[in-house]
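For reference, the chains in residue letters:
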Amino acid sequence: GLVVLLSTSANGQEAKSEFLKSPANWEFERFALPPSFATNFPYKGVEELRFAPGMFNKDSSNYFSYAFVAQLENTSSITQEQVRNYLLSYFKGLCVATAKDRKLSIDSSAINVSIQPKKGNSKSETIYNVVLNVFGVFADGAPIELNAEIKLLHDVKAIKTYLVFIASPQQKTAAIWKELYSIQKNVSIPK
């Protein structure tokens, strides 16, 4: 998995999903924030991920296609720039740590994030289109461009913000995006 399969809790029980209950056939992982690989990370909370079958296989049409939900504690709002910085710190940390573990050589200065509001969205929703230039550190370490979206959900009472992240190197017309959009649509703030 992404980190070192941190999805089992201390007593060996499978972590239960609170936010990302489906697709059930996608590998599931859950870990605490800040992640171990991003030390300068300003948020505490929890992250749940689901990896498409083939996520770690460079020859799969689902290569590097996955979703995560990050629940940020004591955060009632987050700006576009803060989302960008979150992703930059997260993916830099992830790529550098994983490349080191797997003895891959990458140029971490080439990792970047561009973000803009998604056009044609309803006023009640905040969704950003994101393009991430990262490295395929789970395969051969080659540069990879990820198309992604981040949807923001705010739980004002509990002072929590949720980032719903979906990503794939595939164009948004590809079949995998139907599943990713379904995930995006079905995530809601836990009651």
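What counts and how
- Residues numbered from 1 in each chain as written.
- Predicted model: local features only at pLDDT ≥ 70, side-chain atom pairs only at ≥ 80, totals over all residues.
- Heavy atoms only, no water.
- Helix = DSSP H or I, 4+ residues; strand = E, 2+ residues; numbered from the N terminus.
- Rg over C-alpha atoms; globule rule 2.2 N^0.38 Å.
- Buried < 20%, exposed > 50% of the residue type's maximum accessible area, 1.4 Å probe, protein only.
- Pairing = 2+ DSSP bridges.
- Axes fitted to C-alpha atoms, helices over the stretch in contact; angles between N-to-C directions.
- Contact = heavy atoms within 4.5 Å.
- Expected span 1.5 Å × (residues − 1).

Asker: Outline the overall build of the protein chain, listing residues and values.
Answerer: If you tally the helices and strands in the protein chain, you get 2 helices and 7 strands. Along the protein chain, from the amino end to the carboxyl end, the secondary structure elements read β-β-β-α-β-β-β-β-α. Expected size for 191 residues packed as a compact globule is a radius of gyration near 16 Å; at 16 Å, the protein chain falls within 12% of this value. When its C-alpha atoms are laid out on the principal axes, the protein chain stretches across 45 × 45 × 35 Å.

Asker: Describe the environment of Ser182, with residues and values.
Answerer: With respect to the secondary-structure elements, Ser182 resides in helix 2 (residues 175–186). Taking the relative accessible area as the measure of exposure, Ser182 reaches 32% and is therefore partly exposed. When the C-alpha positions of Ser182 and Gly93 are compared, they lie 28 Å apart, and in sequence the two are 89 residues distant.

Asker: Please set out the sheet that holds strand 7 (residues 160–168) residue by residue, giving values where relevant.
Answerer: The strand order across the open sheet built from 7 strands is 1-2-3-7-6-5-4, with neighbouring strands paired in antiparallel fashion. Every other strand in the sheet has two partners, leaving strand 1 (27–33) and strand 4 (112–117) as the edge strands with one partner each. Mean inter-strand twist for the sheet, computed between neighbouring axes without regard to direction, equals 20 degrees. Inspection of the sheet shows strand 4 paired to strand 5 (residues 126–135) by 6 bridges, in the antiparallel sense. Note that in strand 5 the partner of Ile115 across the bridge is Val130. The strands touched by helix 1 (residues 80–101) are strand 1, strand 2 (45–51), strand 3 (66–73), strand 4, strand 5, strand 6 (143–155) and strand 7; relative to strand 4, the strand with the most contacts, the crossing angle is about 155 degrees.

Asker: Tell me about helix 2, and please be specific about residues and values.
Answerer: Over its 12 residues, helix 2 extends 18 Å from the first C-alpha to the last, a length consistent with the 16 Å expected when each residue adds 1.5 Å. Packing partners of the buried residues in helix 2 comprise strand 3, strand 5, strand 6 and strand 7.

Asker: Describe helix 1, and please don't skip the residues or the numbers.
Answerer: Since one α-helical turn is 3.6 residues long, residues separated by three or four positions face the same way. Relative to the 32 Å expected for 22 residues at 1.5 Å per residue, helix 1 spans 32 Å between its end C-alpha atoms, a close match to the ideal helical length. Of all the residues in helix 1, the buried ones are Val83, Tyr86, Leu87, Leu88, Ser89, Tyr90, Phe91, Gly93, Leu94, Cys95, Thr98 and Ala99.

These figures capture arrangement, not role.
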